[in-house]
Amino acid sequence: MQSVPHNAWPFCPDEVCSGLRELCPNIFAVAGVHADRLNAKVFRVRGSAMDGGGPSVIVKRLAPSIAQRNERIIRRWLPGIGLSDIAPALVGTIVDQSRSWAWQVYEDLGATVLDARNPDTGIVAAAVGLIGQLHTRGAGATPLTECRQHLDDLGMPYFVSNIGDAIAGLESLSALEGTFTKARQMVRERLLERLQVLRESIPFRSEFMREHGGPYTLLHGDLWNINAVVAPTEHGSRVRLIDWDRAGVGPIAYDLSTFLYRFPQSERTWILERYRDAVCRAGWRLPNMADLNVLFETAECARYANRIIWPAAALLTESDESAHDELAQILGWFEALEPVLSTEETRTA
């Protein structure tokens, strides 16, 4: 983690620093202000108090359109379904003069991420309950109509568009075939083979989704365990969901598969059952495990296909050699893809 004083911040121009002072005067009231780089676009801005503590906020750099969507989600749509406290509070948004970037300022939860490799049963159960509330309250709620106007559809339209765009991207690389090694050409060909099989499965998957996918709802869209954080409160630890940049609408399998795939397969069945119990209270019934596996695979393959589009474009327009490594990595994901739920369990479900 890199920490730098505010007069040398590399991540924002002067007008953004001025806006931050207006939004967070308590931070700038102390002796020193520092920014800790959490990743390429996220910083913890903190004031240094004499006792070593001090107030802090999270500052995130985004495209203005994404920042606007996040503001709607946190200040309008989540409160509209009674879940205003599921996400960190948004302190404010600052847009630079060029309108190229927006910086969103969030409360700092002082949180640790959910540990997927050594999961705490109680913490995971609390996260699953929260996800269940998001899905059941979001389905059919008044804000969902507005959500569908502004958010991506992460159901079959996402699968179809990503498969098509990934195939087009890889096929466009035929113009560069003469520059590829045999290994790189093999990666491209094997990816194309897999994508073409997936394209042929679209009629089956579309019908299957209609029959088993369940209602459309508001989705977090990026439910990795690192986006389910454990925040300390006066009444003990509490789970919150952060990073809503990829929120969308669609069937619950998109969110649920993302979350379950982060855990060892031995943990997934009980986590799914906790989710099943959570949504059952709202009158929902989930498909059996074998059918869920089909829905989960559809969502995961759509995500893999989406990841192909960008390195393929980088090779074509920028001759970015590192893109070959990305494509090889994605092929590895496809080849290692396993059912979310074990085959033995689905036989007895």
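Rules of the game
Residues numbered from 1 in each chain as written. Predicted model: local features only at pLDDT ≥ 70, side-chain atom pairs only at ≥ 80, totals over all residues. Heavy atoms only, no water. Helix = DSSP H or I, 4+ residues; strand = E, 2+ residues; numbered from the N terminus. Rg over C-alpha atoms; globule rule 2.2 N^0.38 Å. Buried < 20%, exposed > 50% of the residue type's maximum accessible area, 1.4 Å probe, protein only. Contact = heavy atoms within 4.5 Å. Areas by Shrake-Rupley, 256 points an atom, 1.4 Å probe, with all protein chains shown as cover. Lys, Arg positive; Asp, Glu negative; His and termini not counted. Charge placed at Lys NZ, Arg CZ, Asp CG, Glu CD. Pairing = 2+ DSSP bridges. Axes fitted to C-alpha atoms, helices over the stretch in contact; angles between N-to-C directions. Parallel < 35°, antiparallel > 145°, perpendicular 65-115°, else oblique. Left-handed = near helix turned anticlockwise from the far one by under 90°. Nonpolar A, V, L, I, M, F, W, Y, C, P; charged D, E, K, R; others polar.

Novice: Before we go on, may I ask you to explain the overall build of the chain in this structure?
Specialist: Scanning the chain from N- to C-terminus turns up 13 helices and 12 strands. Since a compact globule built from 349 residues should have a radius of gyration of about 20 Å, the 22 Å found for the chain is in line with a globular shape. In terms of its C-alpha atoms, the chain occupies a principal-axis envelope of roughly 60 × 55 × 40 Å. Within the chain, buried positions represent 49% of all 349 residues. The contacts of the chain with a sequence gap of at least 6 include a subset with a gap of at least 24, amounting to 71%. Per element, the accessible surface of the chain, about 16600 Å² overall, is 50% carbon and sulfur. The averaged location of the 43 negative side-chain charges in the chain is 2 Å from the averaged location of its 35 positive side-chain charges.

Novice: What exactly am I supposed to notice about the pairing of strand β6 (residues 102-107) here?
Specialist: On a regular strand, one side chain projects to one face of the sheet and the next to the other, so that they alternate. Burial runs high along β6: 5 of the 6 residues are buried. Where strand β4 (residues 56-62) meets β6, 6 bridges bridge the pair, whose relative direction is antiparallel. Bridge pairing in β6 links L62 to A102. Strand direction decides the pairing type here: strand β5 (residues 90-95) and β6, joined by 5 bridges, are antiparallel. Its bridge partner lying in β6, V95 is registered against A102. Linkage of β5 to β6, two consecutive antiparallel strands, is achieved through a turn of 6 residues, within which R99 is found at a positive phi near 60°.

Novice: Mind showing me how you'd approach the packing of helix α4 (residues 121-138) against helix α10 (residues 265-280) here?
Specialist: Packed helices, taken two at a time, are described by the angle between their axes plus the distance between the axes. Packing of α4 against α10 leaves a shortest axis separation of 9 Å and a crossing angle of 40°. In terms of orientation, α4 lies oblique with respect to α10. Crossing hand, α4 versus α10: right-handed. In this structure, α4 uses T121, V124, A125, V128, G129, I131, G132, H135 and T136 to contact α10, whose residues at the interface are W270, I271, R274, Y275, A278 and V279. A per-class count over the contact of α4 with α10 returns 9 nonpolar, 5 polar and 1 charged.

Novice: When you look at the sheet that holds strand β9 (residues 217-219) in this model, what are you seeing that I'm missing?
Specialist: Within a sheet, adjacent strands bond to each other through the backbone by hydrogen bonds, running parallel or antiparallel. Strand order across the open sheet formed by 3 strands is β8-β12-β9, with mixed pairing between neighbours. Both outer strands of the open sheet, β8 (152-153) and β9, are each paired with one neighbouring strand and no more. Alignment of β9 against strand β12 (residues 248-250), held across 3 bridges, turns out to be antiparallel. Bridged to T217 within β12 is G250.

Novice: Hey, could you run me through the sheet that holds strand β7 (residues 112-113) in this one?
Specialist: Within the open sheet, the 3 strands sit side by side as β7-β10-β11. Their pairing is antiparallel. Both edges of this open sheet fall to β7 and β11 (236-241), since each of them pairs with a single strand only. Here strand β10 (residues 228-233) pairs with β11 via 6 bridges, running antiparallel. Along β11, the bridge assignment pairs A228 with L241. α4 rests against β10 and β11 of the sheet, and its axis sits at about 40° to β11.

Novice: Would you take a moment to explain the environment of I94 for this structure?
Specialist: The topology assignment puts I94 in strand β5. Taking relative accessible area as the criterion, I94 reaches 10% and is therefore assigned buried. Spatially, the C-alpha atom of I94 lies 29 Å from that of R238, the residues being 144 residues apart in sequence.

Any link to function would need more than the numbers given here.
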